[in-house]
Structures are given as C-alpha cells and as structure tokens.
Amino acid sequence: MAERADEILVHADPEALARGAADWLCAAAIAATGSFSVCLAGGSTPKRLYELLSGPGTRERFPWQRVHWFWGDERFVPPTDPQSNYAMARAAMLSRAPVPPENVHPMPTEGGSPAESAAAYERALQAFYGASALDPRRPLFDVTLLGLGEDGHTASLFPATSALDERRRWVIAVTGAKPEARVSLTFPALNASRNVAFLVAGVAKRAILEKVRRGEDYPAARVKPILRLLWFVDRAAAGDGG
Ligand code: 6PG
C-alpha cells in the first residue's frame, strides 16, 4: 500500500482556500475514470468551495454525471431547515449544476428516529459500495471533505463520546453533544476514503489546528485516510507555522 502523505496547503484567506480546494477537487474528479464519490462536509467553511465548484469556469469542466455526493454528518432537522448540511450544499452547489438526482445521497432526517436514519444510511452506503465489509484496497469514497471544530471534533464525532470508539458500524446517531441530534459517519467509514481534505479557516481554529496536526488525541486526529490527508487552511488558521 502506498505510504500515506499528509500535506498542509496554506492560502492567503478563506476565498483563496476555497478556490484552491475547488481546483484540487475538480482536477481529482476529472483525472478519475468512472464513478467518483465525494463525502461532503457540513458547517460553514465548505460553503464557498461548493459555490466555486458550481460557478463559472469550474461548472463547465466538472464531471457532474459520474460524481456521487454523500454527507459525513447531518443535523437531524428537516432538509429545508437552515441548519441542514444538505440544505447548505443544495443551495450552494447541487441546485446550481447539472447534478443527476440519483447521484445525490443525503442522510434521511424525516419520518424516523436518528438511530433509524443512521441504519438506513448505512444500508444505502453498503448498497452503493456493494459490500457490508470495508476493504482498504477498495475505498468507499474517493474524497472526503471535513471541517474542524474548535474542540477538535470533525463530522459529528465529538470529544469524550463513545462514538469515537465505534469500530463496527459505518453510521451512528449522536445525541446529547449538541442541542439537535446528529447522524454521523464513524471513523471506519471516514477512513475508508482514498483522500481526506480538511478545510480550516480563521484565527479561532489556529490553536486546535496546531494541536491536531501535532497528533494530540482529538477526534480529528483520528482521521487516517488510505492515501492522502490534505489540510486546506488559510494564513489566519495556520499562524506563524503556516
Ligand atoms: C457540522 C460539521 C462540523 C463542522 C465543524 C466546523 O455539521 O457542523 O460536520 O464537523 O465541519 O464544526 O464548522 P465550520 O466550518 O462552520 O467552522
């Protein structure tokens, strides 16, 4: 197996970070042959990346027909709720580009419990993958995008929760960590990515970014993709070390 390489890419500001990540993701999708699967991050940082991907100059080049879109986590709110990660990606990208509806795989957040949603999404992922056991020689995702919380969480894997130790399930319900219930991929599923790209911007993330990259045991530090771990950061988050 190829040696995994970590790379930090420092950009002048959030706009340059989003542009750099969009160009990288577009190039990766174009270079791939056949189906290409992307697991999207929630929160606010990725929004500009999604807008640039579906914006002039990139929209025409991106291979929308063969790219599938998944989510790393979701707030358990209706898909029209402003808190919804699906709603953010739909408004910023999926509604602005020629995306085949069958290529969009949101986490269900209506008509059942968070646990039922997690089980349903796990079934959907296994159906897409074609197996119920992950094989590191065959990644589940080509690219997983992730954000970094100031407490070191990523997706909805929060510090000091049992979710961090899940090794069997691919998707779990997360309750009690935030006011709203969440549904999140677990480390086995997140780490079944060929590439992971963290998107980290702003001076408020500087301290946690340094700790995570130093290997201190925060949830985000447990993300270990199969091939490449990239950090798209801006200078404010990178600090002097950037
Ligand atoms: C979410 C995300 C979460 C996010 C971080 C960073 O649903 O909120 O999955 O993990 O990526 O909290 O969020 P910002 O990009 O808004 O700083």
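In what follows, the structure referred to is the one given above.
If you're wondering where the values come from, they're calculated on a predicted model, not measured in any experiment.

A. Structural context of helix 4 (residues 114–129). Helix length check: helix 4, at 16 residues, gives a terminal C-alpha distance of 22 Å against a target of 22 Å (1.5 Å per residue), a fit within 8%. Here helix 4 has its buried residues at Pro-114, Ser-117, Ala-118, Tyr-121, Glu-122, Leu-125, Gln-126 and Tyr-129. The buried residues of helix 4 occupy an angular sector of 170° when projected down its axis, which confines them to one face. Structural note: helix 4 exposes Arg-123 and Ala-127 on the side pointing more than 90 degrees away from its buried face.

B. Representation of helix 6 (residues 206–213) within the structure. Residues Ile-208, Leu-209 and Val-212 constitute the buried set of helix 6. Down the axis, helix 6 shows its buried residues gathered within 100° of arc, on one side only. Those residues of helix 6 that are buried lie in contact with strand 9 (228–234) and helix 7 (235–238). In the stretch just after helix 6, Gly-215 is the one whose phi turns positive, near 95°.

C. Local environment of the site of the ligand. Near the ligand there are 14 residues, and of these Ser-44, Thr-45, Asp-73, Ala-155 and Lys-205 occur at the shortest range. The contact in question runs from an oxygen atom of the ligand to an N or O atom on the side chain of Ser-44, over 2.6 Å. Arg-75 is positioned with one of its side-chain polar atoms (N or O) 2.7 Å from an oxygen atom of the ligand. Its free accessible area being 420 Å², the ligand has 87% of it covered by the protein chains.

Cut-offs used in this document
Residues numbered from 1 in each chain as written. Predicted model: local features only at pLDDT ≥ 70, side-chain atom pairs only at ≥ 80, totals over all residues. Heavy atoms only, no water. Helix = DSSP H or I, 4+ residues; strand = E, 2+ residues; numbered from the N terminus. Expected span 1.5 Å × (residues − 1). Buried < 20%, exposed > 50% of the residue type's maximum accessible area, 1.4 Å probe, protein only. Arc of directions from axis to C-beta. Contact = heavy atoms within 4.5 Å. Near = heavy atom within 4 Å. Polar contact = N/O pair within 3.5 Å; in protein donor to acceptor, adjacent residues only side chain to side chain. Areas by Shrake-Rupley, 256 points an atom, 1.4 Å probe, with all protein chains shown as cover.

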